[in-house]
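# Understanding the architecture of this molecule
Listed below, chain by chain, are the residues.
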Amino acid sequence: MELQQSQKQTQVLTPQMVQAVKILQMGVPELQEYVAETIQENPVLELPEPSDAPAPDDDMARKLEWLKSTDRQNAWYHAQDAEDERGDWLSRQGYFVDEDRDLKRYLLSQFMGIDLDGQIMDAVEFLIGRLDDNGFLEESIASLAALSGIDLAVMTRALIELQAAEPVGVGAQTLTECLKLQLLRMSGDHRLAIRIVEGHLDDLARRRYNVIAKDLGASRQEVEAACALIRGLDPKPASGFSGQEDPVYIAPDVIVNAQPGGFEVVVNDCTMPRLKISPYYAELMRTSDDKEVRGYLSEKAAQARWVMRAIDQRHSTLLRCAQQIVERQEGFFRSGAAHLAPLTMGEVAQAMSVHESTVSRAVRDKYLQCGWGTYPMSYFFCRDLGGQTMEDGVSPNAAKALLKKLIDGEDKAHPLSDQKLCQKMGEQGCPIARRTVAKYREELGLPGAAGRREREG
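Residues numbered from 1 in each chain as written. Predicted model: local features only at pLDDT ≥ 70, side-chain atom pairs only at ≥ 80, totals over all residues. Heavy atoms only, no water.

### Some details on the pattern of salt bridges
Here the idea is simple: oppositely charged side chains can pair when their charged atoms come close. The criterion, for reference: Every case where a carboxyl oxygen of Asp or Glu lies within 4 Å of a side-chain nitrogen of Lys or Arg is listed as a salt bridge. Here a strand is any run of E in DSSP of at least two residues, a helix any run of H or I of at least four, and the numbering for each starts at the N terminus. Here the term buried applies to any residue with accessible area under 20% of the maximum for its type, exposed to any over 50%, and partly exposed to those in between, with areas from a 1.4 Å probe on protein chains only.
By the definition in use, this model includes 18 salt bridges. Here aspartate 253 and arginine 314 are joined by a salt bridge, their closest N and O atoms 3.4 Å apart. Of the two residues, aspartate 253 is situated in the loop between helix H14 (220–231) and strand E2 (254–259) and arginine 314 in helix H16 (residues 291–328); the sequence distance between them amounts to 61 residues. Among the residues examined, aspartate 253 registers a relative accessible area of 3% and is labelled buried. Here the residues in one salt-bridge network are Asp202, Asp203, Arg206 and Arg208, joined through shared partners.

### Some details on the pairing of strand E3 (residues 262–267)
Where we set the bar: A pair of strands is labelled paired if DSSP reports no fewer than 2 bridges between them.
Bridging between E2 and E3 involves six bridges; their strand directions are antiparallel. By the bridge assignment, asparagine 257 is partnered in E3 with glutamate 264.

### A closer look at the environment of alanine 398
Mapped onto the secondary structure, alanine 398 falls in helix H20 (residues 396–408). Owing to a relative accessible area of 5%, alanine 398 belongs among the buried residues under this scheme. Along the sequence, alanine 398 and proline 342 sit 56 residues apart, while their C-alpha atoms lie 9.3 Å from each other.

### Quick word on helix H22 (residues 434–443)
Test applied: Every residue pair with non-hydrogen atoms within 4.5 Å of one another is taken to be in contact.
Where H22 is concerned, the buried positions are Thr436, Val437, Ala438, Tyr440 and Arg441. Against the buried residues of H22 lie H20, helix H21 (418–427) and helix H23 (449–452). Within two residues after H22, glycine 445 carries a phi angle of roughly 75°, on the positive side.

### A word on the packing of aromatic side chains
Using the following cut-off: Each Phe, Tyr or Trp ring (for Trp, its six-membered ring) is paired with any other whose centre lies within 6.5 Å, and the angle between the two planes then decides the class: stacked below 30 degrees, edge-to-face above 60, tilted in between.
Enumeration according to the criterion identifies ten aromatic pairs in this entry. Between the aromatic rings of phenylalanine 332 and tyrosine 375, the centroid separation amounts to 5.3 Å while the plane-to-plane angle is 85°, which identifies the pairing as edge-to-face. Of the two residues, phenylalanine 332 is situated in helix H17 (residues 330–335) and tyrosine 375 in strand E6 (residues 373–376); the sequence distance between them amounts to 43 residues. The burial state of phenylalanine 332 is the same as that of tyrosine 375; both residues are buried. The structure contains a cluster of three or more aromatic residues connected by ring pairs, namely Phe263, Phe332, Phe333, Tyr375, Tyr379 and Phe380.

### Focus: the sheet that holds E3
Pairing between sheet strands relies on hydrogen bonds along the backbone, with the strands arranged either parallel or antiparallel. This is how it is decided: Whenever a helix is involved, its axis is fitted only over the stretch in contact; in every case the axis is a line through C-alpha atoms, and angles between N-to-C directions fall within 0 to 180 degrees.
Here four strands make up an open sheet; going across it, the order is E3-E2-E5-E6 and the pairing mixed. Both outer strands of the open sheet, E3 and E6, are each paired with one neighbouring strand and no more. If you compare each strand with its neighbour and ignore which way they point, the axes differ by 25° on average. Here strand E5 (residues 367–370) pairs with E6 via four bridges, running antiparallel.

### Some points on the packing of helix H15 (residues 279–287) against H16
Inclusion rule: Roughly parallel covers angles under 35 degrees, roughly antiparallel covers those over 145, roughly perpendicular covers 65 to 115, and oblique covers all other angles. Two helices that cross are described as forming a left-handed crossing if the nearer one is turned anticlockwise from the farther one by less than a right angle, and a right-handed crossing if clockwise. Lys, Arg, Asp and Glu make up the charged group, whereas Ala, Val, Leu, Ile, Met, Phe, Trp, Tyr, Cys and Pro make up the nonpolar group; the residues left over, Gly among them, are polar.
In the contact formed by H15 and H16, the axes pass within 9 Å of each other and the chain directions differ by 135°. On the basis of the axis angle, H15 is oblique to H16. When the axes of H15 and H16 are compared, the crossing they make is left-handed. Of the residues in H16, those in contact with Tyr281, Leu284 and Met285 of H15 are Arg294, Leu297, Ser298 and Ala301. Here the contact of H15 with H16 is composed, by residue class, of five nonpolar, one polar and one charged.

### Regarding the confidence of the model for the protein chain
Let me state the cut-off plainly: Think of pLDDT as the predictor's per-residue confidence, scored from 0 to 100.
In the predicted model, the protein chain carries a mean pLDDT of 79, and the fraction of residues at 70 or more is 79%. Predicted confidence in the protein chain is weakest over helix H5 (residues 89–92), with a mean pLDDT of 36, and strongest over helix H11 (residues 191–199), with 92. Residue range residues 69–100 is modelled with pLDDT below 50. Its contacts to residues more than four positions away, or to other chains, number 34 contacts. This stretch, residues 387–392, has a pLDDT under 50; its non-local contacts, to residues over four places away or in other chains, come to 16 contacts.

In structure tokens:
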């Protein structure tokens, strides 16, 4: 057996390099947790004291506030925060709501001080305990009476009392009953809407106004007005209480601000305070006579500097990625999702002179906030569908935007089939297959032509 020698070069990742890669792909919450753990383990590394921390950037604060007010996705949450500062909306209406917004406590609070027969009150409490997260009773009143051992007449009276409480519609056993309870509580004559709820919910969902009008002997205009009223009702009256989680706010990693001459891209440093070497331990490392202490502190200081460099490198790589995204997706930032262009991570990596995996890690679990909303940075990478409308083709998001525009503008009495939509999209520079049209339509939550048709009588 002959032995041979050969030489080859291989790249070996050191533990520090592996950790640097992990830091690069960390999102804000994960990085904050990592920094907190590292500070606990390394006494040389510390956060600046409040007095040492730089004063808040007023300009950055103003930009963040502006983005909050223009962010179309988070506007509702910010409006809710403003309401909370002035007191809960329900409290201003005179209702009691505990701080946890618990449905059962909220309902029980409405019976405090009411002179109800003890048996009826017991039945009301039992019914409240059987409500689902949306405020419905899934079992019949007879079965609930049998289950509780309470007389059926008492349970029926308790149900009437419960259904008179807030939120309106609570205690219903069906969607029809829920909507009807809400209509009955509203002022004005809503008999037509009640009849539609009782017998034509399926026709309402399919917008078959002429069918409803013919069956109920009403004009189409009257039917459309009644259906609009019904659509404004709450099919899940208690969803805002039971099981409601507090909104999760996304801390953007990158902020894009529109400027007269283009766009300003900044990394959001507000979520990640700058680390520093502890002056106390730096001085101790310099002056200590104990060689072992100096060696230990020197090692910890080297680790601390490496962590700080890795975080700075993450900051730099993230900024460069974001700048490339904004440069190549200028149409999106100026005009919205319909103008999102095809873009690959490989193209960005080539422009940055890094490996594609570096871009992938840099955008993983990162969010970009702009005037259109807050988006995962991966949202801006999409494949080319081969269209010719834009210089670099058409992205799936742009195709979906065009598809929705065509459906919104169609004749509802003669809606476009998927094949016809396919043809029209091709005519507008977005040639995609019929099955792709169907797929995108379903992803948009839009029914087929039959489900969109408003049938004639």
